[in-house]
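In case you want the letters, here they are:
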Amino acid sequence: MTPRLALFLSSVAGLALVASAAAADPRAEVRGELDPALREQLQRAIGEVEGPPSNRFEARRRARAALEAAEALLRSEGYYQPILEDVVEGEETPIAIVDVTTGPRFALTDPIVNWIEPPPAPPLQATVLDDIGLEAGDPGRAVDVIAAEGRIVAGLNRRGHADARADPRRVVVDHATFTVQPTYNINAGPLVRLDGVRLQTRGPTSPDWVAGLAPWSEGDVYDPEDVAELERRLLETGVYDGVGVALAPAGQNNADGHRPIIVTLTDRPRWIQEAGVTVSTSRATVSAGRATSATGGSAIEGLWTYHNRFGRADTLEFQARLADVDSRLGVDLKLPHWRRPGQTLTMGAAVVNEDTDAYRRFAGVLYADASQRLGKSSWYSYGIGLDVGQYDENRFDPVTQLPLDITRNLALLTLRGGAYMDRSDDPLDPRSGYRLLANVQPTAVTGDDSLVFLRADAQATAYLPLQDAGKTVLAGRVRLGSIVGGEELTIPSDRLFYSGGGGSVRGFEYQGVGPRLPDGTPRGGLSLFETSVELRRDIGRNFGGVVFVDAGAIGFQETPNFNNLRYAAGLGVRYKLPFGPIRADIAFPIDKREGDADFQIYVSIGQAF
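Note that this is a predicted model, so its numbers are computed, not measured.

Taken in spatial order, the 3 strands of this open sheet run S2-S5-S4, and their pairing is mixed. Edge positions in the sheet fall to strand S2 (29-31) and strand S4 (83-89), since each of these pairs with one other strand and no more. With strand direction ignored, the average angle separating the axes of adjacent strands in the sheet is 25°. As paired strands, S4 and strand S5 (residues 95-101) are joined by 7 bridges and run antiparallel to one another.

Quick look at the structure:
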């Protein structure tokens, strides 16, 4: 182990230590022969105070308050005949005590449901009653009795009785038989069938477009999940400040007795102007304002967005960026729910001037992509892109083993397909689950060179909570990539694989992983391997600490090469905001080469992966 790595690991160990807060004193001591779980519940119900009582009078007051809290808790848990005593012991250092004898725990009898006219259909009655979740002999806990009533009403709501409600219940506690018998009085209301959509908005949104998003047909039975889905479909467009979707009140039926769904939309400002500045001393990025190029470098960017131009929650975006790495002038049009709900069509055109350490490209770009949402957070996509431009490349000739300077005029026609599955619990700060991402791009090249090749890559990330309900999380990432059908020298430089930077192997600058040409130009490859491991730990309410190791390799065959792996390690801090964490990482290359920086710093929103 190198001295630098030893110093790094010792500093990380200090970061992982979390000081424990001093425990407060309990309001009163709980005594009696009790189940450990019940004792813990009583102690939580009694609560804590700052410091011991100053005299016996104060101790007595605490003991009586604790007795009242304990009695309420015991009754809610089905102990209706407890014997409780408040006690004070000691003269100079008095102690407040609650002595508890629970007595028998009362049990439930079969619940009774009285249907207030008109009752629901008999099959529905049986289905809803199966959802009650109470059985004779269960402990007579108050919370279970109340929750069962809520499940009855919710079950009716889910099955079309939108106006269902519970009238006052009656609960009989029989001290002779030690039983609790709940009687529920349920007003199911009529079965509701749906009309269309009634739109209320001051904006230009088309009522016909909104009606086409509804996941029901006229006459279908009301289902709150369908209403929630329509709300999700409108919210995910991102062009509304407010979206309200609700069933019209009773009495607003149409001639057929069907009720409409009322949709209320509040538009965002039609025109939005944004500007951002990114400042970097290398390819590691620290930015202010709007997030800019993922490739790093310094940049000035302006963005003009026009919402709802065509009355279907569309977004028209004009972009101008002057940057060290990726300058461009372009326009994008996004049409959400294109042709069917959940499918988004994005079309764009741009003039691009890309200037990286590995190549320079000046090109015109046209593209169209359609993505289809699956569930709440997964999708697949397909599309086509056309790039026409000039490539100035510093390349490596594997035959002569010498570097080459090449200028080529090329046209690239690319078919694009991708899929993403998200089974994690949070988009910006996951603590459990996994994510899978895959992309394939068959490409035909013409111009100064002609070839056909396939570029594919896939990434998997996983999150394992280790302890304390996710306060400590082990996170891992693996990415593989391969290009089939072409040679290193003939594949356009921007389609080769590179590694290094904030989104791949931290500790190295952008494109800084992998062999270099004699002049220091990054040598792109035909295959890619990357992996990362992070240990994340919450520190207090708003902060978190991270320790990580990243590794990556660029290969010159179609299959990934693990012989030239480069490693980096680092640590970071997370500050939690309501929408997700802000991260700041510092990473150090291990066994760095000549020309590698001693460290890299990254600041961004959300976890690294």
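Back to the write-up after that little detour.
Considering all chains together, one arrives at 3 cavities of 30 Å³ or more under this definition. Surrounding the largest cavity, 16 residues form its lining, Asp429, Arg431, Arg536, Asp538 and Gln607 being those nearest its centre. Listed by contribution, the elements that provide at least two residues to the lining of the largest cavity are strand S25 (527-539), strand S26 (543-555) and strand S27 (566-577). By volume, the second largest cavity is sized at about 50 Å³. In this structure, the second largest cavity is lined by Ala358, Asn394, Arg395, Phe396, Glu488, Ser493, Leu496, Tyr498, Leu517, Pro522, Arg523 and Gly524. In terms of residue class, the lining of the second largest cavity is built from 6 nonpolar, 3 polar and 3 charged.

This next bit is on the packing of aromatic side chains. Taken as a whole and assessed by the stated rule, the structure comprises 8 aromatic pairs. A connected cluster of aromatic rings, assembled from ring pairs, spans Tyr80, Phe106 and Phe178. In this arrangement the basic side chain of Arg455 is found over the ring face of Phe497, its NZ or CZ atom lying 4.1 Å from the centre. If you follow Arg506 out to its NZ or CZ, it ends over the ring of Phe548, 3.8 Å from the centre.

Before going further, it helps to examine the layout of surface pockets. In this structure, the second largest pocket occupies an estimated 310 Å³ of space. Every residue lining the second largest pocket is counted, 17 residues in all, and those nearest its centre are Gly342, Thr344, Ser371, Arg373 and Trp379. Breaking the lining of the second largest pocket down by element, the ones donating at least two residues are strand S18 (343-355), strand S19 (359-374) and strand S20 (378-397). Classifying every residue of the lining of the second largest pocket by side-chain character gives 3 nonpolar, 10 polar and 4 charged.

Before going further, it helps to examine the packing of helix H2 (residues 36-46) against helix H3 (residues 56-76). Running from N to C, H2 and H3 cross one another at 130°; their axes reach a closest spacing of 9 Å. Judged by the angle between their axes, H2 and H3 are oblique. Along this stretch, H2 crosses H3, giving a crossing that reads as right-handed. Between H2 and H3, the contacting residues are Leu38, Gln41, Leu42, Ala45 and Ile46 on the first element and Ala66, Ala69, Ala70, Leu73 and Leu74 on the second. In terms of residue class, the contact of H2 with H3 is built from 9 nonpolar, 1 polar and no charged.

So, on to the pattern of salt bridges. Evaluated as defined, the whole model comprises 51 salt bridges. A salt bridge links Glu236 to Arg373; its shortest N-O distance comes to 2.7 Å. Linking Glu236 in the loop between helix H7 (224-235) and strand S11 (240-247) with Arg373 in strand S19, this pair joins segments that are 137 residues apart in sequence. Residue classification places Glu236 among the partly exposed positions, given a relative accessible area of 36%. The salt bridge partner of Arg506 is Glu534, with a shortest N-O separation of 2.8 Å. With a gap of 28 residues between them, Arg506 in the loop between strand S24 (472-484) and S25 and Glu534 in strand S25 connect regions that are remote in the sequence. The exposure class of Glu534 is buried, given its relative accessible area of 0%. Within the structure, one salt-bridge network assembled from shared partners comprises Arg506, Glu534, Arg536, Asp550, Arg574, Arg583 and Asp585.

What follows covers H7. Its 12 residues place the ends of H7 17 Å apart at the C-alpha level, agreeing with the 16 Å of an ideal helix rising 1.5 Å per residue. Three or more residues of H7 are buried, namely Val227, Glu229, Leu230, Arg233 and Leu234. Mapping the buried residues of H7 onto a view down its axis gives an arc of 160°, with all of them on the same face. Along its buried surface, H7 packs onto strand S10 (194-201), helix H6 (207-213), S11, strand S12 (259-267) and S19. Put simply, Asp223 is the residue that caps the front of H7, since its side-chain oxygen is 2.9 Å from the backbone nitrogen of Glu225.

Attention now goes to the nonpolar core. Core analysis: the biggest nonpolar cluster contains 21 residues, and Leu234, Tyr240, Val245, Ile261, Val263 and Leu265 have the highest contact counts within it. Contributions of two or more residues to this core are made by S10, H6, H7, S11 and S12. Counting residues per element, this core draws most heavily on S11, which supplies 4 residues. Counting 19 residues, the second-largest nonpolar core is a separate cluster that includes Phe106, Ala148, Leu156 and Ala164.

Overall, the predicted model of the protein chain reaches an average pLDDT of 88, with 93% of residues at or above 70. A low-confidence stretch, residues 1-23 (pLDDT under 50), is modelled with 19 contacts involving residues beyond four sequence positions or located in other chains. This model gives residues 281-295 a pLDDT under 50, and the stretch forms 47 contacts once residues within four places in sequence are excluded.

The rules we used
- Residues numbered from 1 in each chain as written.
- Predicted model: local features only at pLDDT ≥ 70, side-chain atom pairs only at ≥ 80, totals over all residues.
- Heavy atoms only, no water.
- Pairing = 2+ DSSP bridges.
- Helix = DSSP H or I, 4+ residues; strand = E, 2+ residues; numbered from the N terminus.
- Axes fitted to C-alpha atoms, helices over the stretch in contact; angles between N-to-C directions.
- 1 Å grid on protein atoms, 1.4 Å probe; cavity = no way out; pocket = protein on both sides within 12 Å on 5 of 7 lines; lining within 4 Å.
- Points joined across faces, edges and corners; volume = space filled by probe spheres on them.
- Nonpolar A, V, L, I, M, F, W, Y, C, P; charged D, E, K, R; others polar.
- Phe/Tyr/Trp six-rings, centres within 6.5 Å; stacked < 30°, edge-to-face > 60°.
- Lys NZ or Arg CZ within 6 Å of the ring centre and 35° of its normal.
- Parallel < 35°, antiparallel > 145°, perpendicular 65-115°, else oblique.
- Left-handed = near helix turned anticlockwise from the far one by under 90°.
- Contact = heavy atoms within 4.5 Å.
- Salt bridge = Lys/Arg side-chain N within 4 Å of Asp/Glu carboxyl O.
- Buried < 20%, exposed > 50% of the residue type's maximum accessible area, 1.4 Å probe, protein only.
- Expected span 1.5 Å × (residues − 1).
- Arc of directions from axis to C-beta.
- Polar contact = N/O pair within 3.5 Å; in protein donor to acceptor, adjacent residues only side chain to side chain.
- Core = buried A, V, L, I, M, F, W, Y, C linked by side-chain atoms within 4.5 Å.
- pLDDT = per-residue confidence, 0-100.

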